[in-house]
There are 2 protein chains.
Amino acid sequence: MTLTLKDVARDLSLSVVTISKVLRDHPDISDKTKKRVLARLKELNYQPNYAARALITGRTLTMGLIVPDLLHPFFANIAKSMSAEIRRQGYGMLIVSSDEEPEVEQHEIQQFLARSVDVMIIASSQIGTDSFRQIEERKVPYILLDRRFEGLSSNFVGVDDRVVGQLATSHLIEQGCKRIAHIRGPEVSTAVGRLEGYREALAAHKMAPLPGHIVPIGASGDHNGEAGGYEAAQHLLLARKKPDAIFCFNDPVALGAMRAILDAGLRIPEDVAVVGCGNLAYSDFLRVPLTSVDQGSAQIGKIAAAMALKLAQNRVQSGSKIKLIQPSIVVRASSSRAQTKGRRVKNRTAPKP
Amino acid sequence: MTLTLKDVARDLSLSVVTISKVLRDHPDISDKTKKRVLARLKELNYQPNYAARALITGRTLTMGLIVPDLLHPFFANIAKSMSAEIRRQGYGMLIVSSDEEPEVEQHEIQQFLARSVDVMIIASSQIGTDSFRQIEERKVPYILLDRRFEGLSSNFVGVDDRVVGQLATSHLIEQGCKRIAHIRGPEVSTAVGRLEGYREALAAHKMAPLPGHIVPIGASGDHNGEAGGYEAAQHLLLARKKPDAIFCFNDPVALGAMRAILDAGLRIPEDVAVVGCGNLAYSDFLRVPLTSVDQGSAQIGKIAAAMALKLAQNRVQSGSKIKLIQPSIVVRASSSRAQTKGRRVKNRTAPKP
DNA sequence: TTGAAAGCGCTAACAT
DNA sequence: ATGTTAGCGCTTTCAA
C-alpha cells in the first residue's frame with residue numbers, strides 16, 4: 001500500500017538491510033551511502049512501519065494510560081504532561097477513560113496487553129488487585145498513579161495524601177478554627193490518607209474530631225462530588241456542635257459544601273471556613289475563592305513519564321519505585337480570616353520523600 | 001515471549017490456521033472444534049498479537065486524536081466521549097495534546113502515519129493545509145474537529161459557530177442591551193464564525209457594532225484567555241460609547257472580562273452584561289454565574305466517533321461529510337437582567353443541518 | 001472441514 | 001562496508 005524499505009532499496013540499488021541500518025544509525029555504514037540513503041528517504045517521505053518493527057523487536061514505542069475520568073482536570077493534566085514528555089522520546093500514548101468502572105479498566109488492560117504497550121500507567125478504579133497480577137504475569141512494567149493498593153508492591157507516583165490532610169488542617173488551625181470537620185471521600189487510598197493527615201494535624205495540636213464531624217460523601221466520589229458535598233455539609237450544619245471549618249476531600253465537594261453553607265445563611269469564612277483539594281483552575285473566580293491543596297498534577301505526570309521511559313528502556317523490573325509528590329496549599333478567601341489572598345504556602349511539615 | 005497461536009495449536013493438536021479462523025469466527029469450522037478451541041483459548045488467556053495482525057491486514061484498530069489542549073474541558077470532553085464510543089467497537093485511541101503548536105501537530109501526524117492509525121481526528125492548530133494533503137496522499141481517512149479550513153474538502157465535525165454568535169448576541173438584545181461589544185478570538189474559523197453570527201444578529205435587529213466595539217484578544221487565544229480577556233475588556237471600558245454588554249469568544253476570556261468590569265467598579269449584569277462560550281463546568285459557582293453558549297462537546301465527540309468508525313470500516317473515502325452541531329445557550333446571572341436563572345434555551349434561529 | 005504454503009515489512013545474526 | 005538468510009505472529013490463498 002505505501003512505500004516500503006524494499007521500494008527504497010530497489011530505487012537505490014541497495015539491499016533492504018543497508019537501508020534499515022541507516023535508519024537505525026547502525027555504525028558499519030559508510031558516510032557516503034548513509035548520506036545518500038538519508039537524502040532519498042527524505043525525498044520519498046518514507047515512514048517506517050511500526051507494526052512490522054514491533055513484531056520483531058517486541059517493542060511498540062507505545063504506552064498505555066488509564067484514568068478514571070479524562071474530564072477531571074487532575075487526570076487531564078497528568079495525561080497532558082505525560083504525553084508531552086514521552087512524545088519527545090518518540091513514544092505514543094494510548095489513553096482510556098475508565099469512567100471509574102472497574103470492568104472497563106480490566107477490559108482495557110487486556111487490550112493494552114494485546115497491543116503490547118511497553119509500559120502501562122494506571123490510575124485505578126479497581127477494588128482487587130487481580131488485573132495487576134495479570135500484568136505482572138505478562139512481565140509488562142506498570143506504574144500506579146494517585147491511588148495505591150495494600151500488599152501490591154508496584155511502582156507508584158502520587159501525592160502524599162497524609163501531607164495533604166495535614167496541610168489543610170493545620171492551615172485551618174492557624175486561622176483560629178476550633179471545630180474542624182472533614183467531608184471524607186470513598187474507601188480508596190487517597191481519601192484514607194487525607195483523613196489520616198487530618199487526624200494527625202489535629203492531634204499535633206491536642207485536638208480531635210468532634211463526634212459526627214467526619215462525614216462521608218459516599219461512593220459517588222469524584223464523579224458527583226458537588227451534590228455529595230452539599231448533602232454532607234447540610235448534615236454537618238445540623239450537628240450539635242456546628243463546625244467552624246470544613247476540610248473537603250476535593251474541590252467539587254468543597255463547592256457543594258460552600259453552596260450548602262451559603263444557602264443556610266452563613267458566611268464563608270467568617271462562620272465556616274472551607275478548604276478543598278485539587279486546586280481547580282478558576283478557583284479565583286468563584287463566588288468565594290476557594291482555598292485548596294494543590295496536588296501538583298503536572299509534576300506527577302512528568303515524574304510518571306520519566307519513570308515510564310526508564311522502565312521502557314531497561315525492560316528490567318528491579319524493585320519497585322515509589323515517588324511521593326509534596327503538595328502545597330493555595331490560600332484564598334474561603335479560609336482566610338486574616339484577609340491573606342492567594343498566598344501560596346509550601347509545605348513545611350512533610351518529611352523529605 | 002508470550003503465548004502465541006502456534007503454542008495453542010500444538011497444545012490442541014490442530015493447525016495454526018484453524019485456531020486463527022476460530023478467533024475470527026470464520027464460517028467453515030465445525031461447532032465442535034470451535035467450542036473446544038474457544039474453551040482452551042480462554043483457559044490459557046490467549047491474547048492475539050495486534051502488531052502481527054496489523055502487519056498483514058493493514059488495520060491497527062487504532063485511531064489517532066490530536067487536540068490543541070487536553071486540559072481544556074472542551075477538548076477533554078471530546079476525547080473522553082470519542083474514546084468511550086470507539087472502545088466499544090474494540091478500537092484504541094492514541095491521543096496527543098499539541099499545545100497549539102503547529103510543528104508538534106505536524107510531527108505527530110507523521111507519527112500517526114507511521115503507526116498506521118486507521119483514522120485520524122484532528123482539532124488543528126495548523127495555519128496551512130500541507131499536513132492534511134500528506135494524510136490524503138497516504139489515503140488515511142481523517143476528520144477535522146472544531147476548526148475548519150478554507151478550500152479543504154475534508155470531513156468535519158464541529159459546532160455551528162455562526163449560530164453561536166447569533167445565540168449569544170440575540171440573547172443580549174432580548175435583555176435590552178443596546179451597545180453590545182465583542183471580544184473576538186484569533187484568526188481561525190471558530191472565531192470568524194462567531195464574529196459573523198454576532199454581526200448577523202445585530203443586523204437582524206437593525207443594529208451594528210459601534211466603532212471600537214470589536215476587539216481581539218490576540219494570538220494567545222485559548223491558552224491565555226483570561227489575561228487577554230481582562231485587557232480587551234479594559235480597552236472596551238475606555239471606549240467613548242461604553243458597551244452595556246460583551247459577548248466573549250470563550251469562557252476564560254469572559255472570566256477575564258468580568259474581572260476587569262468588577263475592578264472598574266461596575267456591576268454585572270446591571271452595567272455590563274457578559275456572555276461567554278463553552279459552558280465550563282462550575283460556571284454556576286462563579287462570583288457572577290456566567291451565561292454561556294454550550295458547544296455540545298460530548299455530542300461532538302460522539303458524532304465524530306461514529307463518523308470515524310464508519311470511515312474505518314468502509315475504507316472508501318466517498319465524498320466528505322460535514323456535521324454541524326447546534327449550540328444552545330445557558331442563561332445565568334451574568335446576562336440576566338430579568339433575574340432568570342439557569343434557564344437553558346435551545347437554539348431557535350438555526351436551520352436544521 | 002481442515003491444513004500447508006506464502007508472505008505482510010521489518011530486524012538480527014551471520015556471511016561475504 | 002554491504003548483503004544473505006531466517007523469522008517475528010499472524011492472515012490469506014489454495015489445496016486436500
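Here the structure is a predicted model, which means the values were calculated and not measured.

1. Quick look at the domain arrangement of chain A
Each assigned domain of chain A is listed with its residue range as follows: domain 1 (5-48), domain 2 (59-159 + 297-324) and domain 3 (161-296 + 328-346). Look at where the C-alpha atoms of domain 1 of chain A and domain 2 of chain A centre, and you get two points 36 Å apart.

2. Quick notes on helix α12 (residues 297-314) of chain A
Residue and element names in this part refer to chain A. Taking 1.5 Å per residue as the helical rise, α12 with its 18 residues ought to reach 26 Å, and the 26 Å between its terminal C-alpha atoms agrees with that figure. All buried positions along α12 are accounted for by Ser 297, Ile 300, Gly 301, Ile 303, Ala 304, Ala 305, Met 307, Ala 308, Leu 309, Leu 311 and Ala 312. Those residues of α12 hidden inside the fold are in contact with β1 (62-67), α5 (73-87), β3 (119-122), β4 (142-145), β5 (155-159) and β11 (322-325).

3. Here we look at the confidence of the model for chain A
Of the residues in chain A, 92% have a pLDDT of 70 or more, and the chain-wide mean is 89. Note that residues 339-353 of chain A has pLDDT below 50 and, in this model, 28 contacts with residues that lie over four places away or in other chains.

4. Comments concerning the interface of chain A and chain B
Each side of the interface is counted separately: chain A has 52 residues, and chain B has 52 residues. Between chain A and chain B lies a buried interface of about 4600 Å² when both sides are counted; carbon and sulfur atoms form 58% of it. Where chain A touches chain B, the interface holds four salt bridges. With its nearest N and O atoms 3.0 Å apart, the salt bridge here joins Lys 80 of chain B to Asp 69 of chain A. In this structure, the connection of chain A to chain B is made through 22 residue pairs in polar contact (both at pLDDT 80 or more).

5. Describing the pairing of β5 of chain A
All names here are of chain A. Of all five residues that make up β5, five are buried, and the element is covered over most of its length. Here β5 shows no split at all, with Asn 155, Val 157 and Val 159 on one side and Phe 156 and Gly 158 on the other all buried. In the sheet, β4 pairs with β5 via three bridges, with the strands oriented parallel. Bridge pairing links Ile 143 to Asn 155 in β5.

6. Some thoughts on the protein's contact with DNA strand C
For DNA strand C, the set of nearby residues contains 24 residues, the closest of which are Leu 5, Ser 20 and Tyr 46 of chain A together with Thr 18 and Lys 21 of chain B. Counted by atom, the contact set of DNA strand C within 4 Å of the protein is 64% sugar and phosphate. Going through the elements one at a time, α2 (16-23) and α4 (50-57) of chain A together with α2 (16-23) and α4 (50-57) of chain B are the ones with two or more residues in the surface near DNA strand C. In terms of residues, the surface near DNA strand C owes the most to one element, α4 of chain A, which gives four residues.

Quick notes on the rules
Residues numbered from 1 in each chain as written. Chains lettered and ligands numbered in written order. Predicted model: local features only at pLDDT ≥ 70, side-chain atom pairs only at ≥ 80, totals over all residues. Heavy atoms only, no water. Domains from an automatic or database assignment. Helix = DSSP H or I, 4+ residues; strand = E, 2+ residues; numbered from the N terminus. Expected span 1.5 Å × (residues − 1). Buried < 20%, exposed > 50% of the residue type's maximum accessible area, 1.4 Å probe, protein only. Contact = heavy atoms within 4.5 Å. pLDDT = per-residue confidence, 0-100. Buried area = accessible area lost by both parts, 1.4 Å probe. Salt bridge = Lys/Arg side-chain N within 4 Å of Asp/Glu carboxyl O. Polar contact = N/O pair within 3.5 Å; in protein donor to acceptor, adjacent residues only side chain to side chain. Pairing = 2+ DSSP bridges. Near = heavy atom within 4 Å.

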